[in-house]
Amino acid sequence: MLALNIDNQEIEKFYKQECNNNQSTFVENILQYINIYKIKASVKQGMEEIKEMQSGKRDEQELRSFLDEL
């Protein structure tokens, strides 16, 4: 059985209000936020690499291979 020990008022407030004290919902929400964070980080990295390509600091590459790296 999973037990939660929350020692952060903001997290506890989120758990109570947004997740209705439901552990499964809480874990699902946290996983969703992690996935969103990873996607944002990947897009940000891609934008930085595009800027490097435009300024000549990085060799240009085909769009498909560039997207595959992300």
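Think of each chain on its own: its residues are numbered from 1, step by step along the sequence as written. Only residues with pLDDT of at least 70 are given local features in this predicted model, and only at 80 or more are side-chain atom pairs given and counted; all residues enter the totals for whole chains, interfaces and linings. Remark: hydrogens and water are excluded; side-chain values derive from all non-hydrogen atoms of the structure.

**Q** If you had to explain the overall build of the protein to someone new, which residues and values would you point to?
**A** If you tally the helices and strands in the protein, you get three helices and zero strands. Here the globule rule is a power law, 2.2 Å times the number of residues to the power 0.38, and the radius of gyration is based on C-alpha atoms. In terms of overall dimensions, the protein is more spread out than a globule: its C-alpha atoms have a radius of gyration of 19 Å, far above the 11 Å expected for 70 residues. Summary of the burial criterion: residues with accessible area below 20% of their type's maximum are buried, those above 50% are exposed, and those between are partly exposed, where the area comes from a 1.4 Å probe applied to protein chains only. By the burial criterion, 14% of the 70 residues in the protein qualify as buried. By sequence separation, contacts in the protein at least 24 residues apart represent 9% of the contacts at least 6 residues apart. On the protein, roughly 6,300 Å² of surface is accessible, and the fraction owed to carbon and sulfur atoms is 49%. Positive charges are assigned to Lys and Arg, negative charges to Asp and Glu, while His and the chain termini are left out of the count. Just so you know, the charge point we use is NZ for Lys, CZ for Arg, CG for Asp and CD for Glu. For the protein, the separation between the mean place of its 9 positive charges and that of its 13 negative charges on side chains is 4 Å. Note on conventions: DSSP H or I runs of at least 4 residues are helices, E runs of at least 2 residues are strands, and numbering of each starts at the N terminus. In what follows, residue pairs with any heavy atoms lying within 4.5 Å of each other are defined as contacts. Per-residue and other accessible areas were derived by the Shrake-Rupley procedure at a 1.4 Å probe size, with only the shown protein chains allowed to occlude residues.

**Q** Quick rundown of the environment of I36? Include the residues and the values.
**A** Its place among the elements puts I36 in helix α2 (residues 23-55). Since its relative accessible area comes to 35%, I36 is described here as partly exposed. Each C-alpha atom of the pair I36 and S24 lies 18 Å from the other, and the pair is twelve residues apart in sequence.

**Q** Give me the packing of aromatic side chains: which residues, what numbers.
**A** Any Phe, Tyr or Trp ring, taking Trp's six-membered ring, that has another such ring centre within 6.5 Å forms a pair; planes under 30 degrees apart are called stacked, those over 60 apart edge-to-face, and the others tilted. Under the definition given, this model contains three aromatic pairs. Their ring planes at 90 degrees and their centres at 5.3 Å tell us that Y15 and F26 sit as a pair that is edge-to-face. Of this pair, Y15 sits in helix α1 (residues 9-17) while F26 sits in helix α2; the two residues are eleven residues apart in sequence, bridging distant segments of the chain. Across this residue pair, the class does not change: Y15 and F26 are buried.

**Q** Give a description of α2 that names residues and reports values.
**A** With 33 residues, α2 extends 48 Å from end C-alpha to end C-alpha; this agrees with the ideal 48 Å at 1.5 Å per step. Burial in α2 covers these residues: F26, N29, S42, G46, E49 and M53. Here a polar contact is taken to be a pair of N or O atoms separated by no more than 3.5 Å, where protein atoms must pair a possible hydrogen donor with a possible acceptor and residues adjacent in sequence count only if both atoms sit in side chains. In this structure N22 caps α2, since a side-chain oxygen of it lies 2.9 Å from the backbone nitrogen of S24. Just beyond α2, the residue with positive phi is G56, at close to 85 degrees. By definition here, a helix of n residues has an expected span of 1.5 Å times n minus one.

**Q** Before we move on, can you summarise unusual backbone geometry with the specific residues and values?
**A** Unusually for a residue other than glycine, N20 sits at a positive phi of about 50 degrees. Mapping N20 onto the fold places it in the loop between α1 and α2. According to the relative accessible area criterion, N20 is exposed, its value standing at 60%. Not every positive phi belongs to a glycine, and N21 is a case in point at roughly 60 degrees. Owing to a relative accessible area of 47%, N21 belongs among the partly exposed residues under this scheme.

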